Amino acid sequence: MNRFEGKSVLVTGGSSGIGLAAAHAFAAEGARVIITGRDSAALAEARAALGGNAIALRNNAGVVAEARDLAAALASQQIRLDAVFINAGSAKFAPFADVDEALWDQSFGTNVKGAYFQIQALLPLLDAGASIVLNGSINAHIGMPNSSVYAASKAALISLAKTLSAELLPRGVRVNVVSPGPISTPLYGKLGMDAATLEATAAQIQGQVPLGRFGTPQEVAATVLHLSAAESAFIVGSEIIVDGGMSQL
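Note that the structure is a prediction, hence the values are computed from the model and not measured.

Undergrad: Honestly, the nonpolar core in this entry has me stumped. Any pointers?
TA: Across soluble globular proteins, you tend to see nonpolar side chains buried next to one another. By size, the foremost hydrophobic cluster in this structure holds 30 residues, and its most contacted members are Leu74, Leu81, Ile132 and Leu134. Ranked by residue count, the leading element in this core is helix α5 (residues 148–168), at six residues. With residues near it in sequence (within four places) discarded, Ile132 still touches Val84, Ile86, Ile119, Leu126, Leu168, Val173, Arg174, Val175 and Asn176. Counting 29 residues, the second largest nonpolar core, distinct from the first, contains Ala46, Val178, Val224 and Leu227.

Undergrad: I'm lost on the pattern of salt bridges in this one. Help?
TA: Oppositely charged side chains may form a pair once their charged atoms are brought near each other. Considering all chains together, one arrives at four salt bridges under this definition. Across the pair Arg80 and Asp127 runs a salt bridge whose closest N-O atoms are separated by 2.5 Å. Note that Arg80 is positioned in the loop between α3 (64–76) and β4 (81–86) and Asp127 in strand β5 (residues 126–135), a separation of 47 residues in sequence. Taking the shortest distance from any N to any O, the salt bridge between Glu219 and Arg213 comes out at 2.8 Å. When its relative accessible area of 37% is taken as the criterion, Arg213 is described as partly exposed.

Undergrad: Can you walk me through the side chain of Ser107 in this structure?
TA: Residue position: Ser107 is located in helix α4 (residues 101–122). Here Ser107 falls in the buried class, since its relative accessible area comes to 0%. Not counting chain neighbours up to four residues away, the residues in contact with Ser107 comprise Ser90, Val112, Val149 and Ser153.

Undergrad: What's the story with a negative patch on the surface in this structure? I'm lost.
TA: A contiguous patch of negative charge, built from Asp98, Asp100, Glu101 and Asp105, is present on the exposed surface. With respect to the helices and strands, Asp100 occurs in the loop between β4 and α4. The exposure class of Asp100 is partly exposed, given its relative accessible area of 44%.

Undergrad: When you look at the sheet that holds strand β3 (residues 55–58) in this model, what are you seeing that I'm missing?
TA: Each strand in a sheet pairs with another by means of backbone hydrogen bonds, the pair being arranged parallel or else antiparallel. Spatially, the seven strands line up as an open sheet ordered β3-β2-β1-β4-β5-β6-β7, and their pairing is parallel. A single partner strand is all that each edge strand has here, and the edge strands are β3 and β7 (239–242). The sheet shows a mean angle of 20 degrees between the axes of neighbouring strands, direction not considered. Here α4 sits on the sheet in contact with β1 (8–11), β4 and β5, set at roughly 170 degrees to β4.

What counts and what doesn't
- Residues numbered from 1 in each chain as written.
- Predicted model: local features only at pLDDT ≥ 70, side-chain atom pairs only at ≥ 80, totals over all residues.
- Heavy atoms only, no water.
- Core = buried A, V, L, I, M, F, W, Y, C linked by side-chain atoms within 4.5 Å.
- Buried < 20%, exposed > 50% of the residue type's maximum accessible area, 1.4 Å probe, protein only.
- Helix = DSSP H or I, 4+ residues; strand = E, 2+ residues; numbered from the N terminus.
- Contact = heavy atoms within 4.5 Å.
- Salt bridge = Lys/Arg side-chain N within 4 Å of Asp/Glu carboxyl O.
- Patch = residues over 30% accessible without salt bridge, like charges linked within 9 Å, V, L, I, M, F, W, Y side chains within 5 Å.
- Areas by Shrake-Rupley, 256 points an atom, 1.4 Å probe, with all protein chains shown as cover.
- Lys, Arg positive; Asp, Glu negative; His and termini not counted.
- Charge placed at Lys NZ, Arg CZ, Asp CG, Glu CD.
- Pairing = 2+ DSSP bridges.
- Axes fitted to C-alpha atoms, helices over the stretch in contact; angles between N-to-C directions.

Without other data, these values stay purely geometric and don't point to any function.
Okay, structure coming up:
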């Protein structure tokens, strides 16, 4: 299929994990893909893997000025967007008693403020019929210990999808959320836990998934493509959960 032939798609945080899987999926469907990230080496490697039509731009998703710089860089190349996957995010877990202001600011700065102002900056570049997909999390729906800040930031994104959908519908822009459960990505190595704690946590989480395994980035990417394509034109302000039944059964 070539659902995105002749279309341009932006994937923030597109150099690894779910973002990179989504970028590959969009490219396989004919899209010109623009990816962003903070790691220049990872961006270069991802761009090479995506092919010569891809564009990679270094960007810090939690900085409002850089959100505007990204929009300006795309505008300078006369790029208009048919789909945006706001995937860049921060996942830091800590017991409630140990959460400090820095952890709070990092989580909400990247996951909420970054997403909010990135969409605002990109708005003039969105074609009528464009789709925005936000990367949420099932942590917004479950009471997982040590996830209070992360879960709250993802709950804010789910709310944002609804309010932005109502506000942007006159422009012909849809906003939806994909909320992954436990997915095998490099993110699990960035949670701030030592190896033993990380292994024990992963085993404990996997035991709560009815399917008995972690999901793959490609499984989430397939849902992102569905929400971004014309076939989902009647899905607005909604959330699709991809978690192997963890939060459902």
